[in-house]
Structures are given as C-alpha cells and as structure tokens.
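# Coordinates in review
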Protein chains: 2
Amino acid sequence: MRKAMEPLYIQPLLEIREYLRLAFEPSADQQAVEERLDRYITEVIEGLYGAPRVTTDTALERLSLLRQEAAVPGSAVHPEAYMSRLVHEVVPHSINTSSPNFIGHMTSALPMFFRPLSRLLTALNQNVVKVETSKSFTALERQTLAFMHHQVYGCAESFYAEHGQNPESTLGMMTSGGTVSNLTALWIARNAALLSPDDDVKRDGYALALHKNGYRRGVIIGSSLMHYSIDKAADILGLGSDGVIRIGCDSRGRIDLSKLAKEMAACRERGDRILAIVGIAGTTESGAIDPLQKLAEMARAERIHFHIDAAWGGPLLLSDAHAHKLRGIEWADTVTIDGHKQMYLPMGTGLLLLKDPLAAALIEKKAQYIIRGGSSDLGRRSLEGSRPAMSVFLHAGLHLLGREGYGYLLDEGIRKTRWLAGLLADHHAFELIGEPEINILTYRYIPAPLREAVRTGTLTPEEHNRINRFNERLQELQGRQGESFVSRTTLSGIEGLPESIVVLRVILANPLTTEEHIKNILDLQQTIAEELELSFG
Amino acid sequence: MRKAMEPLYIQPLLEIREYLRLAFEPSADQQAVEERLDRYITEVIEGLYGAPRVTTDTALERLSLLRQEAAVPGSAVHPEAYMSRLVHEVVPHSINTSSPNFIGHMTSALPMFFRPLSRLLTALNQNVVKVETSKSFTALERQTLAFMHHQVYGCAESFYAEHGQNPESTLGMMTSGGTVSNLTALWIARNAALLSPDDDVKRDGYALALHKNGYRRGVIIGSSLMHYSIDKAADILGLGSDGVIRIGCDSRGRIDLSKLAKEMAACRERGDRILAIVGIAGTTESGAIDPLQKLAEMARAERIHFHIDAAWGGPLLLSDAHAHKLRGIEWADTVTIDGHKQMYLPMGTGLLLLKDPLAAALIEKKAQYIIRGGSSDLGRRSLEGSRPAMSVFLHAGLHLLGREGYGYLLDEGIRKTRWLAGLLADHHAFELIGEPEINILTYRYIPAPLREAVRTGTLTPEEHNRINRFNERLQELQGRQGESFVSRTTLSGIEGLPESIVVLRVILANPLTTEEHIKNILDLQQTIAEELELSFG
C-alpha cells in the first residue's frame, strides 16, 4: 500500500481566502503542491497500470466510503490528505481495467499519451457547445468528424472541403457515449418519418403527428441482440416497449432477413410506421455483424431510416484485413461508434455520424444567449449542451495510432480470439458457443456428469438449467476472487441454441493480454469449476 | 510561442508493434516519453492558465486545422510531434476560460487539484455503468449523490444510511450535463403522469398512453426564461414545441404566478395534461430565481411533477449568506445541478437529484450481459450507459473546497456583481438592465445621441432597434479582439422591458477576476463603443 502524503504548505490549513488563492491562482506555492500531487499520481499509476490483479476481494459493502455522513464537509480538507485517502480507500477497490486479466468487458488499457492530454484538457476547460467557449476546438471537432465520416462513407475530399467546416453542415456529433448516439439517431429518424409539409412533428409532437399521418404507431425494428439503449431510446422518444420489434437471429447471431421481411410486411398491414431499421456491427453479446448491405437495401426500398449501431465494431474499418466485414455501412443514414471502446480513448467519447450533412436540421434548436441561428455553434444540432472537447482524444488517437496502429490492435485481438476458439473447441470441459466473428467469444463450462449428454445432444431442460446456474455461479466466484475477470450473458433468440443459455463472455481488446494470460484464466476457471462441482446441487 | 518538442526515442518511428508496446506497456522507455510530455503540458498550462488574454484575434476560418484532408492518417505520428502541433496550432486559438477577462459565459478558472486528478481518472478508465467495471467508484458515486441530496433535501442521516448505498434506491444520477439532467427529469415526469395500473406508458408509448388516459396532449410549463434544453427535451419526449408553455416574467425575471395560475386553468379546460412545472434557480439570461416555494405549492395542489433547473444556481445552497434564495427547492421532485458551473468542476459533470429514491423505477431498463435486475449497477436507471467516474471530481470538490470554500467563492461573485451594478447605475454611457439577483448582470451601451431619450423614456421603436444593433456590434468587436469577453443575449417576456432588448451579459464566477479587471473591461468596451459611434449608421 502506497504511503500517505504529508501536507506540504498548509499545516494548519490556511485561512480560506489564502487557501483558495493557492488553489486557483498560478504561483510558486501552487506549483509546488501540484508537482507533489502529480508525482504521487504518477506513482499510483505506475503501481496499478497493467498490474495483473483486477481488483481486491473486498466486497463493496465493506468499503469505508459507505460509512461517510451525508452532510457536506464544512471545512476544506488538505489536498494531499484527500488524495491519499482516495488512493488508499477507493483506488485499490476499483476495477483495474488495464489488467491483462480483465477480459470480460469493453474496457482496456489505453495508450499512455491520453494521460498527459487529459490534464491539458482539464486545464483548458473548453465548452464545445459554442464557438465563444471553445473556438479552435470547435474547428478541431469538425475536422475529427470529417475523418470519421470519411472512414465510414468515403466521400471525396471535395465533399469534406465543402462540408467539413461549414456551419450549415453537420457530419456528425460527439456524444457522451453510444446510448446518446443511438438516441440521437432515432430522434432524427422519428422526426424525419413524421415530417410533412403540413404536419410538423417538432411543433405538434409525436402523438398528433402520428395521428395526422394516419399511422397507428411508430416502431423500430432490428435483431433480438439490439443493445438495451435502443429500449431506452424507444421509451424516451415515446414509442414504448411495444415500439421495439426484435427479430430472431441465425446461428451466428445475425438478424434473420426472411423473418425481418415478414415482420415488415406485417407492419404495413397493421398501419405501423417503421421509423428505423437498426443494423448491428458487433453485437454486445457476441460480436456478430448483421448483413448490413442487405439491410440497407431493404430499408432503401421502403424509404426507411437505416441506423447502424457500430459502437463496438465500427473501428474495424481501420483494419485492412477486417474492414470488409462492415460492407454496406456506407449506406446507413446514421452510424454510432464509441471512441472509448475499440478506438482506445478515454471513457465518454461517443460519436454519431450522419450520411446527409443536412439531416441534423430535424433536431435543430436555438436560444438567444447562445446557439444563435446561422452560428458555427455545435450545440445547435445535438442532444447535449455544454460538453468537454473530447474530440481532441479522437483526433489525437487517429494521429498517434493511425490506420496502421488501429489496424494492428484490431487484427491482434481477432487473432487471439481465434486462437482461444481453437483451444475451446478441443477442450474436454468447456464448450465453445458459436464461432466468433471478431474479438468477442462466448463459451461455457460443462460439469463432468453432463458432458456426455451435451456431446450427444440429449440434455434435459432441467440439466440445461443446471448448467446455466453452474456457469452463473462460476463467473461470480471468479469475479469475487479479483485475480481475473470474464463476464457472462444469457443468449436468446439465436437459431440452433436453447432459448435461454448462460455463457461466459471474453472480449480480447487489451493489447497487454497475451495467450499465456488467457490460458491461465481458463485454468483458473477450471480449478474454480472443479471445486464448485463438489458442492453444486 | 512555445518551442516544438524533438522526438526522444523514436526517430525514425519504431516498427508498429514496438511503438504500440511503448504506448501501452509500462516501461522505463514509456516513462521517459510520458515525463517529457507531462513537462511540456505543464509548461503550456503555466503559460496559459490565468493569463489575461481570452484568445487570439485569428478568425476561425484561418486556422490550419481547416486545411487537413479527411483521410485518416495511415501511419502513426510521433507523440511529441503531435503534441507540439496541438500546442502550436490549436491551443493558442482556443478560449482561455481561466482568463480573468473572460466574464461572459459560465466557465471559469478551476482549482488546480482537478488537473492531477483528471490524469488519475483517465489512467483508471472506470466505467460506472456497472459495478463490474468500476466497483468502488460506484460506491463513491452513490456517496457523492448522498452529499448533494442532503444539501438539497436535507433528510436525516438515517435516510442516507438506508438509501445511500441501497441498490434499490436512486438518490440521483451523474449525467454529462444539465441538458441530459433536464431531459431525464422530464422523462420521469412524463412517465409518471401517464402511468396507471392498466396503461403502461413504458409499454404503450406516449401517443397511446395519452389517448387511454383521456388527455389531448401533454405539456411542460415554466417561465419564458426556461433553458433551451427544455425545448430539446420536449421534442425528444414527443411533446413537440407546442408542448412547452412559456409564461411571462415579472420585472426581475421571475415567473408571473398569476399568469401561471391562469394558464394552468386553461390547460385543465383544454384537456391538456401538465406533465411538469419547471422552476428556474438562476436563469441563464440573468440569474433570476423563480419563487420556488410558491411553485411547489401550486404543483403539489394538482399533483404535478415539480422540476427545478438549478444548473447554475443550485450551489448557492452551500452559501450561508445566499442559500435562503433557494427556499422551496426541497419540495422539488427533481433538481438539476451542473457541477461544471458553480461547483468549479471539469466540464461534463452534470447532476440530477430525485426527492423520491424510488422514482427512477419509472425509467428502469435491464439487459442480460450487463445491468441485471437487482444489481447495484448504476446504468439500470439512467439515460446514459457507459460513462466516466466524473463523480470523483464532485466528491473531491466537496472535500477540497468544503462548504466554506464554495460559500466564499459564491459570496465573492455576488459581491463583485453588486459592485459592478453600482458602477453601472451611475454610469453616463451604460444602462443597467434589471437588478442582479446573484452573479449574472445585464446592461447595455447607449450611444450618446440617444441617452436623453433613454433617460426620459421617449425612445422610438426605431431608436430601440438601433441600440440593439449597436450592442450586438459592440459585443462582436470586443470578442474578436480577443483581449476580454462579455457575452450578449436578447431578453424577452420580462415585465417593464421592451419585447426584445439586446443586452451585454456579465457572469462573475472566476475568482481570478478582480474589480480592476472588470473596470478595465468596461473601459475597453467604452473605447470600442466610442469608435463605433463614429461609424455606426
């Protein structure tokens, strides 16, 4: 455990006015304290970054944080004392997302350069809602969006010369994350579908616009593996959960096109207006990629908004070897990509791209003190208002890693996943579930007495449930130990699989994770499982 | 201009695999590069932080950023080279929000400690959507929300002991900013208003739920000074712009209660369901605070959701001298506060507080791989999904500044604003518009030939418009010079003022801003104005 820091200058704490001067006003004294804090943070990062353990085995309920009173502290605390406390009481019990043994969620070690950059961003404190509070960072954001738009839609450089910095054009927007991106995309889609010369959904609202247009209801349609942010969006946009139609998938987790066609015909008959078809490029469950080209054609034929949730898979476009898997993405009206996933950027770097640079007019808002019509202010056409200049991380990533760097990272993750799939396919105790399309893989442990029944396909429903419960328990035990972490999920609506199957889920994005780490995690799982078998009912 | 950095280790650039190892894998080489970058950033911050100029006089159109191609760079760029370029081409043309002469928007210098802290946060890369990707930071966020809930609602410590860390309770949520907070509040309000045992708005959607409940439409009601995020929320939630009813204000910018009562009666007659009454604690235009206690009573009497947008004014609760201005806030069902405004936290630290710890069940969503029912995962009941642990900034601010520190900062801003109001009241060329309630002040310049008409109240509409255009131009010229910055807005719907009056707007939140700075900014404005008078038509 790192030792605590003794306060340097302020023992006892200065009079509040002097203390605030120290905190806000650049001075030699401030510099001395800041340097001490910085060195301390550097030591903490060095001790933790890339360390093998994922977390402590301390249960959340036992953290001292849970024993603080709710009254806001009256007096200020020494910066060094606070930082020490944070480092001792909170940091060790967080999740070491940079650990090579943390292979269960969509977070990874990040490249080092974002650490100094984040300090710069905090110091600059830009607000990109408006040019008056960000100026050059507004231009930087637009340039960054042009890079990503080009990667997805590949328009000519003349297109970007025209639209890239044009206040009337919107190539996309940075968001706090994929959920806001998906919501924004579906907001645009809903408004577009219900817009007519006489009836303005922006004025009348959803209910009246629906009625005036002669529709019974609006629906969003996509596969059973759509992210739950689509359900959130449907609720927020007023569609209700009945407004989300989930279509079954083929054995590889891709939307079943014939079922989709049937459902679309049924919608027409019922008078339901399909507001958007959602394609997925990298399902959260298993990394599957929908047939984007075909979906685009089906949407186009009926003039339906086509949205692609490529929060996870979008960056595959930067890999020469795998970009072809996203063929058809260039036909999407809107595309969600998360920078904080496979672009290896800090959390909070979401992205929505718009094929049509004028589509965002459907959600435009103005205000007097800010965001005037005709201005270059980014907040005119975005869900969020004030927000940090996160685009600098994406701009930096594109330069500091380049296509070459991203391509290598993505290719390596997929290579290691294939290697793991091979290992599991031959394994006596684990069962690989589905072939991984990219770098997400699902599998499960089969307790010894049930292996023969699995091999011969003669599991009873009761035995199937027992395996489910076993894998739930296995995943919990492994997570609680804190040495390593694999996630779990329950797959449903996939051709050839039981309706509800609990699987372990591995995501191989962290470049610090080697084959040896993966092998050790599997071995550890097996050890836990074998102990569990002794006690499991 | 700061000199460029020469690359240290990687000349020519390493083979990509080695380069990525340097970027991701802790090592002595990595440390050396990171230290160099860190020192460079420190120099940049020292040169810029608190420096007097707001920005350069370079127009946005002339930035070199606008000349980049849209194709993503193929090869990685040296970190030092990239950072140099960013520092030379982007940073100088950004807005120095820490400048004491930047007194036009809601951004300020920040206390030094958030700089090292942001580096720690980036390194830890927690995702608080889920305990499995944040663990202790989930508990920290809940504790932070308890602090803020206590500050607003002042429940007993036993209440926080029960609900603070209880997964079934939601005292609030951290958001990316006030817009998402307001949207979330109104989402809860809409769902609550249309929820009945038989009709589930979450299932049926807005249109059908409205119909089943026998309402013509749903509306949100508040003053004419409601933030434009309310319009965004109304559009997104399906209410349409007709679903936002704006009530005129008294001469101090506070909602006119008798007009409100009349409009509420009219809603009842029309069969409109009032989904929420919105009170404002610190309007963006002029800092006015609505009569919160009265609004609460009116909402309560008709069982209407009462939301308070205290994005700006909420932190006044931390000032012994001014907390009384928010009396009644404890009756609000939901309260928006922005940490990145008067809590002096980095951008992206929004907050929504819920009086009823169970209200968030109205927007709850689940998913298999994440956010299981019954879990402690924060993402179950929030608009956003994956997001950074921004609550650590708020937790740190509450400890590092305490009530004493925040109180002092807030009191000082209000004191300086009163001082400025006095200065303007006696000024021969400027006209103070309205008495400032807190630390936002509006005024305008009156060209010499029109001063007599203003004094005697005999301005013609044409002359009024001329003054408006004059002040627009004055504000633009001052902003373009880059030395200092005051914003402008157009006030409407305020008793005793012309229907559309352009005013200059000062916000005094930056503790680095002294009376002398303010005086100099006024002098500069006067100089610009006097020159402008010579040419203005």
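Residues numbered from 1 in each chain as written. Chains lettered and ligands numbered in written order. Predicted model: local features only at pLDDT ≥ 70, side-chain atom pairs only at ≥ 80, totals over all residues. Heavy atoms only, no water.

Chain A has the name Glutamate decarboxylase in an unreviewed UniProt entry, where Paenibacillus tyrfis is given as its organism. Entered under Cofactor (unreviewed entry) in the UniProt record, the comment concerning chain A runs "pyridoxal 5'-phosphate". (UniProt positions renumbered as here; feature names shortened; annotations may be inferred.)

Scanning the model with the defined rule gives 68 salt bridges over all chains in all. Residue Arg-119 of chain B pairs with Asp-38 of chain A through a salt bridge whose shortest N-O separation is 3.2 Å. Highlighted residues: Arg-119 of chain B in helix α4 (residues 114–124) and Asp-38 of chain A in helix α2 (residues 28–48), drawn from two different chains. Comparing Arg-119 of chain B with Asp-38 of chain A, the two get one shared label, buried. For the salt bridge of Arg-455 of chain B with Glu-452 of chain B, the shortest nitrogen-to-oxygen distance reads 2.8 Å. In this pair, Arg-455 of chain B and Glu-452 of chain B both sit in helix α15 (residues 451–455), three residues apart, roughly one turn of the helix. Judged by relative accessible area, which is 63%, Arg-455 of chain B ranks as exposed. Since its relative accessible area comes to 45%, Glu-452 of chain B is described here as partly exposed. Where salt bridges share partners, they join Arg-216, Arg-217, Glu-263, Arg-270 and Asp-272 of chain A into one cluster. (Salt bridge = Lys/Arg side-chain N within 4 Å of Asp/Glu carboxyl O. Helix = DSSP H or I, 4+ residues; strand = E, 2+ residues; numbered from the N terminus. Buried < 20%, exposed > 50% of the residue type's maximum accessible area, 1.4 Å probe, protein only.)

Residue and element names in this part refer to chain A. As far as domains go, chain A holds domain 1 (1–96), domain 2 (134–403) and domain 3 (410–535). In this assembly, domain 2 packs against domain 3 so that about 1900 Å² is buried in total across both faces, 55% of it on carbon and sulfur atoms. Where domain 2 meets domain 3, there are one salt bridge. Here Arg-252 ties to Glu-437 by a salt bridge, and the two come within 2.6 Å at their closest N and O atoms. Applying the counting criterion to the domain 2 and domain 3 interface returns 10 residue pairs in polar contact (both at pLDDT 80 or more). (Domains from an automatic or database assignment. Buried area = accessible area lost by both parts, 1.4 Å probe. Polar contact = N/O pair within 3.5 Å; in protein donor to acceptor, adjacent residues only side chain to side chain.)

Looking along a regular strand, one sees side chains alternate from face to face of the sheet. Residues and elements named next belong to chain B. Burial of strand β6 (residues 334–338) is extensive: five of the five residues sit out of reach of the surface. Of the two faces of β6, the one holding Thr-334, Thr-336 and Asp-338 and the one holding Val-335 and Ile-337 are both buried throughout. Where strand β5 (residues 305–309) and β6 come together, three bridges link them in parallel fashion. Within β6, the position partnered with Asp-309 by the bridge is Thr-336. Alignment of β6 against strand β7 (residues 350–354), held across five bridges, turns out to be antiparallel. Of the residues in β7, the one forming a bridge with Thr-336 is Leu-352. (Pairing = 2+ DSSP bridges.)

Residue and element names in this part refer to chain B. The strand order across the open sheet built from seven strands is β1-β7-β6-β5-β4-β2-β3, with neighbouring strands paired in mixed fashion. Bordering the open sheet on either side are β1 (172–175) and β3 (244–247), each of which pairs with just one other strand. Strand-to-strand twist of the sheet, defined as the mean angle between neighbouring strand axes without regard to direction, takes the value 20°. Docked against the sheet, helix α7 (residues 178–193) engages β1, β2 (217–223), β4 (272–280), β5, β6 and β7, running at close to 150° with respect to β4. (Axes fitted to C-alpha atoms, helices over the stretch in contact; angles between N-to-C directions. Contact = heavy atoms within 4.5 Å.)

Glancing now at the packing of aromatic side chains. By the definition in use, this model includes 16 aromatic pairs over all chains. The interplanar angle of 85° and the centroid separation of 5.9 Å between the aromatic rings of Phe-113 of chain B and Phe-114 of chain B together place this pair among those described as edge-to-face. Among the residues examined, Phe-113 of chain B registers a relative accessible area of 1% and is labelled buried. Plain terms: the ring middles of Tyr-445 of chain B and Phe-470 of chain B are 5.4 Å apart, the flat faces sit at 15° to each other, and that makes the pair stacked. Taken together, the positions of Tyr-445 of chain B in strand β9 (residues 440–445) and Phe-470 of chain B in helix α16 (residues 461–481) put the pair 25 residues apart, joining distant regions of the chain. Each member of the pair, Tyr-445 of chain B as well as Phe-470 of chain B, is classed as buried. In this structure, Arg-115 of chain A is placed above the aromatic ring of Tyr-49 of chain A, and the distance from its NZ or CZ to the ring centre is 4.7 Å. (Phe/Tyr/Trp six-rings, centres within 6.5 Å; stacked < 30°, edge-to-face > 60°. Lys NZ or Arg CZ within 6 Å of the ring centre and 35° of its normal.)

All right, on to empty space enclosed by the protein then. Inspection of the entire model under this criterion finds 12 cavities of 30 Å³ or more. Taken as a whole, the largest cavity encloses approximately 540 Å³ of empty space. Residue lining of the largest cavity: 35 residues in total, with Pro-388 and Met-390 of chain A together with Met-347, Pro-388 and Met-390 of chain B positioned closest to the centre. Contributing elements (two or more residues each) for the lining of the largest cavity: α4 (114–124) and β1 (172–175) of chain A together with α4 and β1 of chain B. (1 Å grid on protein atoms, 1.4 Å probe; cavity = no way out; pocket = protein on both sides within 12 Å on 5 of 7 lines; lining within 4 Å. Points joined across faces, edges and corners; volume = space filled by probe spheres on them.)

In the numbering adopted here, UniProt assigns the feature "modified residue: N6-(pyridoxal phosphate)lysine" (unreviewed entry) to Lys-341 of chain A. Its location among the elements puts Lys-341 of chain A in the loop between β6 (334–338) and β7 (350–354). Taking relative accessible area as the criterion, Lys-341 of chain A reaches 14% and is therefore assigned buried. Apart from residues no more than four positions distant in its own chain, Lys-341 of chain A is found in contact with Met-106, Ala-311 and Trp-312 of chain A together with Ser-386 of chain B. For Lys-341 of chain A, the side chain forms a polar contact with the side chain of Asp-338 of chain A, separated by 2.5 Å.

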